Amino acid sequence: MDTTNQPDVTFVIAAYNSADTIIPAIESALLQEGVTLEVVVVDDKSSDTTRDVVASIAERDPRVRLIALENNLGPGGARNAGIDAALGSWIAVLDSDDAIHPNRTTRMIARAETSSAHIAVDNLNVVYTDGRAKETMFEDAFLEQRGVLTLEDFIASNILFRSTFNFGYMKPMFRRDFLNAQKLRFHPTLRIGEDYLLLASALAVCGICAIEPSPGYVYNIREGSISRVLELHHVDAMIAADGEFLASHTLSPAAMTAQTQRTRSLIEARHFLMLVSGIKRRSISDVLKIAARDPVALRHLRMPIEVRLRKLRDSLFPSSVTTGMKRQAL
């Protein structure tokens, strides 16, 4: 490849019915300071005017490219199309309803180069559209102390029914040559947890992930219905994907311990959803069967079901409460 005009970074934005939110996302990428860049927007066969909005921006700014998919591929497939088309030395994932601060990219690249890292993640500002005060997801000192993100820490933070915020919310930047050399891409059919699986796989092949402790990513939370999120087949797909992950990688004892706990939490979530379904259907026999199979699932009923479902929603699907491509991932 001719690297004479190679941009420092390619922002990959997968979009689905994102006409109302995508302009600020693209503009925030174009305003990055101290780097050369391109923005690749992959429209996943939207039914709104997303393509027209992006095409209009691309006409005015040659750094923006639109890839219009003929078929809906889901979040993983759409992002893979963007990665395949990317020219930058780094590839940054940006959701179509989020934004980034102007100095984010230079800080992350500098942090990665200092650590000879293949991947970089950073802190997040969480913005609620319902009027709640903005907050920073992690304490800067907490991330600074870590320096790098290990596989065991990443898996351990993605165990269900624990804290709302975890490392799974972080939006990574990858060296493009690392992704290609390791043949790493998003899972093409997984609709929930594809972000988790890609970063876990990158860490499992000895990818070094530097942590920039200052917040550079603006994570917008738009509250919505949880009825579409907690479906049994989504959890089953995640369990199957984790099985593929374990079959493909040899984990350290610490990472394996964390994975065992994560697997248990996924199975627990599965049984809890089955229990809730049985209660809604007033099927006493089904409730008794699940309770006998997994008594731990009953413990979650100490908390109101709606509250527990919301907590499960937040730990399972960090991006599920928002719109655009995030909502499509459900």
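Here's a quick rundown of the structure. Please read these numbers as outputs of a predicted model, since none were measured by experiment. (Residues numbered from 1 in each chain as written. Predicted model: local features only at pLDDT ≥ 70, side-chain atom pairs only at ≥ 80, totals over all residues. Heavy atoms only, no water.)

### Notes on the pairing of strand β2 (residues 37–43)
Argument step 1. Along β2, seven of the seven residues are buried, which leaves the element largely enclosed by surrounding structure.
Argument step 2. Judged by which residues are buried, β2 turns out to be covered on both faces: Leu 37, Val 39, Val 41 and Asp 43 on one side and Glu 38, Val 40 and Val 42 on the other are all buried.
Argument step 3. One ladder, built from seven bridges, connects strand β1 (residues 9–15) with β2; its direction is parallel. When the bridges of β2 are listed, Val 12 appears paired with Val 40.
Argument step 4. Regarding the hand of the β-α-β motif, the stretch spanning β1, helix α1 (residues 22–30) and β2 is right-handed. (Buried < 20%, exposed > 50% of the residue type's maximum accessible area, 1.4 Å probe, protein only. Helix = DSSP H or I, 4+ residues; strand = E, 2+ residues; numbered from the N terminus. Pairing = 2+ DSSP bridges. Right-handed = clockwise from strand over helix to strand, strands pointing away.)

### Description of the side chain of Asp 95
Argument step 1. By the element assignment, Asp 95 lies in the loop between β4 (90–93) and β5 (99–100).
Argument step 2. Here the side chain of Asp 95 touches Arg 79 through a polar contact of 3.1 Å, side chain to side chain. (Polar contact = N/O pair within 3.5 Å; in protein donor to acceptor, adjacent residues only side chain to side chain.)

### Structural notes on the packing of helix α8 (residues 194–204) against helix α9 (residues 232–248)
Argument step 1. One can describe the packing of α8 onto α9 by two numbers: an axis separation of 11 Å at closest approach and a directional angle of 10°. Accordingly, the angle class assigned to the pair α8 and α9 is roughly parallel. Between α8 and α9, the residues in contact are Tyr 196, Leu 197, Ala 200, Ser 201 and Ala 204 and Ala 241, Asp 242 and Phe 245, respectively.
Argument step 2. Split into classes, the residues belonging to the contact of α8 with α9 amount to six nonpolar, one polar and one charged. (Axes fitted to C-alpha atoms, helices over the stretch in contact; angles between N-to-C directions. Parallel < 35°, antiparallel > 145°, perpendicular 65-115°, else oblique. Contact = heavy atoms within 4.5 Å. Nonpolar A, V, L, I, M, F, W, Y, C, P; charged D, E, K, R; others polar.)

### Considering the packing of α1 against helix α2 (residues 50–60)
Argument step 1. Packing of α1 against α2 brings their axes to within 10 Å, and their N-to-C directions diverge by 30°. Relative to α2, the element α1 is oriented roughly parallel. Seen from above, α1 lies across α2 with right-handed handedness. Contacts from Ile 22, Ile 23 and Ile 26 of α1 reach α2 at Thr 50, Val 53, Val 54 and Ile 57.
Argument step 2. Class assignment for the residues of the contact of α1 with α2 results in six nonpolar, one polar and no charged. (Left-handed = near helix turned anticlockwise from the far one by under 90°.)

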